[in-house]
Amino acid sequence: ASFDWIVRRRMSEISRFFALTITMYHNDHPPARFHAKYAENTEIGIESGQVIQGRRPRRVLDPAQERRREHIDELKPNRDLVMSRQAPNKIEPFE
């Protein structure tokens, strides 16, 4: 992988918890979404919580949905940052 790709990937990471990595990408199309990566990628709508793409077992989706509900006010401005090609603010992992 190229160095630029690695840097962009790390910059888009918002949070890690359990075995999930939460990211956003500047070139995603509407609706606003985040990616929950657990072996494979799942796209989840920020506002609706609807799974846009991918399928995951409930044991993987439930924690991602819980984080979405708890941090929706942080996810929305992060979406704006990422769309303007800026690094998103980190969201603390579960304690």
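The shown structure was predicted, so the numbers you read here are calculated from the model rather than taken from an experiment. Position numbers for residues start from 1 in each chain and track the written sequence from start to end. Local features are withheld for residues below a pLDDT of 70 in this predicted model, meaning they are given only at 70 or higher, and side-chain atom pairs are given and counted only at 80 or more; totals for whole chains, interfaces and linings count all residues. Each side-chain value is derived from all of the structure's non-hydrogen atoms; neither hydrogens nor water enter the calculation.

J.: Could you clarify how one ought to interpret empty space enclosed by the protein in this entry?
T.: In this approach the atoms are scanned with a rolling probe the size of a water molecule, which exposes any empty space left behind. In this analysis the probe radius is 1.4 Å and the grid spacing 1 Å, with only protein atoms considered; a cavity is a set of points the probe fits into but cannot get out of, a pocket is an open set with protein on both sides within 12 Å along at least five of seven lines, and lining residues have an atom within 4 Å of a point. Grid points are joined across faces, edges and corners, and a volume is the space filled by probe spheres set on the points. Counting across every chain of the model gives 1 cavity of 30 Å³ or more. A volume near 80 Å³ is recorded for the largest cavity. Forming the walls of the largest cavity are Ile14, Ser15, Phe17, Ile22, Phe34, Ala64, Arg67, Arg68, His71, Leu75 and Ile91. The helix count covers DSSP runs of H or I at least four residues long, the strand count covers runs of E at least two residues long, and both are numbered beginning at the N terminus. Listed by contribution, the elements that provide at least two residues to the lining of the largest cavity are strand S1 (13-17) and helix H2 (58-70). Taken together, the residues of the lining of the largest cavity break down into 7 nonpolar, 2 polar and 2 charged. Think of it as three bins: nonpolar holds Ala, Val, Leu, Ile, Met, Phe, Trp, Tyr, Cys and Pro, charged holds Asp, Glu, Lys and Arg, and polar takes everything else, Gly as well.

J.: Honestly, the nonpolar core in this entry has me stumped. Any pointers?
T.: The nonpolar side chains of soluble globular proteins are, as a tendency, buried together. Core analysis: the biggest nonpolar cluster contains 16 residues, and Met24, Phe34, Ala36 and Leu75 have the highest contact counts within it. Counting residues per element, the ones that place at least two in this core are S1, strand S2 (20-23), strand S3 (33-38), H2 and helix H3 (72-83). Contacts are assigned to residue pairs with any non-hydrogen atoms lying within 4.5 Å of each other. Other than its neighbours up to four places away in sequence, Ala36 contacts Leu20, Thr21, Ile22, Asn41, Thr42, Ile44 and Ala64. Buried residues of nine kinds, namely Ala, Val, Leu, Ile, Met, Phe, Trp, Tyr and Cys, make up a nonpolar core once their side-chain atoms join them within 4.5 Å. The cut-offs for exposure are 20% and 50% of the maximum accessible area for each residue type, with area from a 1.4 Å probe on protein chains only; residues under the lower value are buried, those over the upper are exposed, and the others partly exposed.

J.: So what exactly am I meant to see when it comes to the sheet that holds S2 here?
T.: Sheet strands associate in pairs through backbone hydrogen bonding, adopting either a parallel or an antiparallel arrangement. Here, a strand pair is defined by DSSP locating no fewer than two bridges between the strands. Taken together, the 5 strands give an open sheet; going across it, the order is S1-S2-S3-S4-S5, and neighbouring strands pair in antiparallel fashion. Of all the strands in the sheet, the pair left with one neighbour each is S1 and strand S5 (51-53). The average angle at which neighbouring strand axes cross in this sheet is 30°, direction not considered. Bridge count between strand S4 (residues 40-45) and S5: 2 bridges; the pairing is antiparallel. Considered in S5, the bridge of Glu43 is made with Gln53. Across the face of the sheet, H2 comes into contact with S1, S2, S3, S4 and S5 while running at roughly 40° to S4. Think of each axis as a best-fit line through the C-alpha atoms, taken over the contacting stretch in the case of a helix, with angles from 0 to 180 degrees between the N-to-C directions.

J.: Quick question: what am I supposed to make of the environment of His35 here?
T.: Relative to the elements of secondary structure, His35 occurs in strand S3. You can call His35 buried: its relative accessible area is 3%. Taking C-alpha positions, His35 is 9.8 Å from Ile14, a pair spaced 21 residues apart along the chain. In contact with His35, not counting residues within four places along its chain, are Thr21, Ile22, Thr23, Met24, Tyr25, Asp28, Asn41, Thr42 and Glu43. In protein, a polar contact means a hydrogen-donor-capable atom and an acceptor-capable atom, both N or O and within 3.5 Å, with residues adjacent in sequence counting only if both atoms are side-chain atoms; elsewhere, any N or O pair within 3.5 Å suffices. A polar side-chain atom of His35 sits 2.6 Å from a polar atom in the side chain of Asp28.

J.: Can you walk me through the confidence of the model for the chain in this structure?
T.: Any region with low pLDDT has predicted coordinates that should not be read closely. Every residue gets a pLDDT, meaning the predictor's confidence in that residue, from 0 to 100. The share of residues in the chain with pLDDT of 70 or more is 85%, and the mean pLDDT across the chain is 80. Considering each helix and strand of the chain separately, the mean pLDDT is smallest for helix H1 (residues 3-11), with a value of 53, and largest for H3, with 90.

J.: In this structure, what is going on with the side chain of Arg79? I would like to understand it.
T.: Examined against the element boundaries, Arg79 turns out to sit in helix H3. When charges are counted, Lys and Arg are positive and Asp and Glu negative, with His and the chain ends excluded. Whenever a carboxyl oxygen of Asp or Glu lies within 4 Å of a side-chain nitrogen of Lys or Arg, that contact is scored as a salt bridge. For the buried Arg79, no salt bridge exists, and the shortest N-O distance to an oppositely charged side chain is 4.4 Å, to Asp28. Look past the residues within four positions of Arg79 in its chain and what remains in contact with it is Met24, Tyr25, Asp28, His29, Pro30, Ala32, Arg33 and Ile46.

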